[in-house]
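# Report on the structure
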Amino acid sequence: MNFTRVHTSFRLKPNNVTKMNVIVDGIIYQKQSQGGISHIYDEILPRMCNEYDFLKIDLLTSGPCKKALPVHSHIKHTALFPIDSFLRPTRLWRNKRFHIRAYLQHLTFSDSREKIWHSTYSTMPYNWKGPVVFSIYDMIHERFALDLFNQPYEEDYRIHKRQCAKEADQIICISEATKLDIEKFLQIDSGKIKVIHLASSPIFRQ
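Definitions and limits used
- Counting restarts for each chain: residues are numbered from 1 in the order of the written sequence.
- It should be noted that, the model being predicted, local features are given only for residues of pLDDT at least 70 and side-chain atom pairs only at 80 or more, the latter also being counted only at that level, while totals for whole chains, interfaces and linings use all residues.
- The basis for the side-chain values is all heavy atoms of the structure; hydrogens and waters are excluded.
- Each Phe, Tyr or Trp ring (for Trp, its six-membered ring) is paired with any other whose centre lies within 6.5 Å, and the angle between the two planes then decides the class: stacked below 30 degrees, edge-to-face above 60, tilted in between.
- Segments assigned H or I by DSSP are reported as helices when at least four residues long, segments assigned E as strands when at least two residues long, and all are numbered from the N terminus.
- Think of it in three bands: residues with accessible area under 20% of the maximum for their type are buried, residues over 50% are exposed, and the middle band is partly exposed, with areas taken using a 1.4 Å probe on protein chains only.
- Throughout, a contact is declared for two residues whenever any of their heavy atoms are within 4.5 Å.
- Given a helix with a known number of residues, its expected span is that number minus one, times 1.5 Å.
- Pairing between strands is defined by DSSP: at least two bridges between the two strands are required.
- Fitting a line to C-alpha atoms yields each axis, with helices limited to the stretch in contact; the angle taken between N-to-C directions then spans 0 to 180 degrees.

### Details of the packing of aromatic side chains
Applying the stated rule across the entire model yields three aromatic pairs. Centre to centre, the rings of Tyr-121 and Tyr-157 are 5.6 Å apart; their planes meet at 15°, and the pair counts as stacked. Within this pair, whereas Tyr-121 is found in the loop between strand E6 (115-119) and strand E7 (132-136), its partner Tyr-157 is found in helix H6 (residues 152-167), the two being separated by 36 residues in sequence. For the pair formed by Tyr-121 and Tyr-157, the shared burial category is buried.

### What to know about the side chain of Glu-142
Structurally, Glu-142 is set in helix H5 (residues 140-143). Given a relative accessible area of 8%, Glu-142 falls into the buried group. If we skip the residues at most four places from it in the chain, Glu-142 touches Arg-158, Lys-161 and Phe-185.

### Some words on helix H2 (residues 36-51)
Between its first and last C-alpha atoms H2 spans 23 Å; for 16 residues at 1.5 Å apiece the expected length is 22 Å, and the two agree. Every buried residue of H2 is listed here: Ile-37, Ser-38, Ile-40, Tyr-41, Glu-43, Leu-45, Pro-46, Met-48 and Cys-49.

### Here we look at the sheet that holds strand E8 (residues 170-173)
With respect to topology, seven strands assemble into an open sheet ordered E5-E4-E3-E6-E7-E8-E9, the strand pairing being parallel. The sheet is open, and its two edges are formed by strand E5 (75-79) and strand E9 (193-195), each paired on a single side. Taking the axes of each pair of neighbouring strands and ignoring which way they run, one obtains an average angle of 25° across the sheet. As paired elements, strand E3 (residues 20-25) and strand E4 (residues 55-61) share six bridges and run parallel to each other. Along E4, the bridge assignment pairs Val-22 with Ile-57. This element, H2, spans E3, E4, E5, E6 and E7 of the sheet and lies at about 150° to E4. Sheet strands touched by helix H7 (residues 176-186): E7, E8 and E9. Its angle to E9, the strand with the most contacts, is close to 160°.

### Examining unusual backbone geometry
Positioned with a positive phi, Ser-122 is a non-glycine residue whose angle comes to about 55°. Checked against the element boundaries, Ser-122 lands in the loop between E6 and E7. By relative accessible area, which is 4% here, Ser-122 ends up buried. Positive phi outside glycine occurs at Gln-187, with the angle close to 55°. Considering the arrangement of structural elements, one finds Gln-187 in the loop between H7 and E9.

Pasting the structure below:
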């Protein structure tokens, strides 16, 4: 399953591909009611489906969403067991939530060999057999770890993010500055990182 991505349009260019299944972990929709990351996927996922008829997206959530999910005939919504609702108090379960969620995702997609995994925010299922694409939007948690993001649970997030980045087959970032930060803070080889700048919405026109 070979593919490349092209500047700004998030364009897939498959080689002899008749079907492509992408599993998108929509955890960002559970975290943001407004925000840049969820807006990226609102814009990109339906446009990708419009352009490529062979593309099928399964958008995962595992609890209440703070905003509406993108809608398209090729986008399926899979609701996992809402484990976060039962892990109370949150402060006692914070370090384990990523791991429990990853195991539920593994049970849902036991055969992952012909599927691409793409997380909206630093998640990875256990024992994934297919290609993994990981998007990183900025590295502020790493750049300002001592001044702003210095709580123990924030260090746990940095460790988890680093592990996801190292396991990914391809990392997408939105600027050259972020790429340099990824190389510096996560020790990721530059050949594994692709810069794809953000494009404008169709509402912006002359």
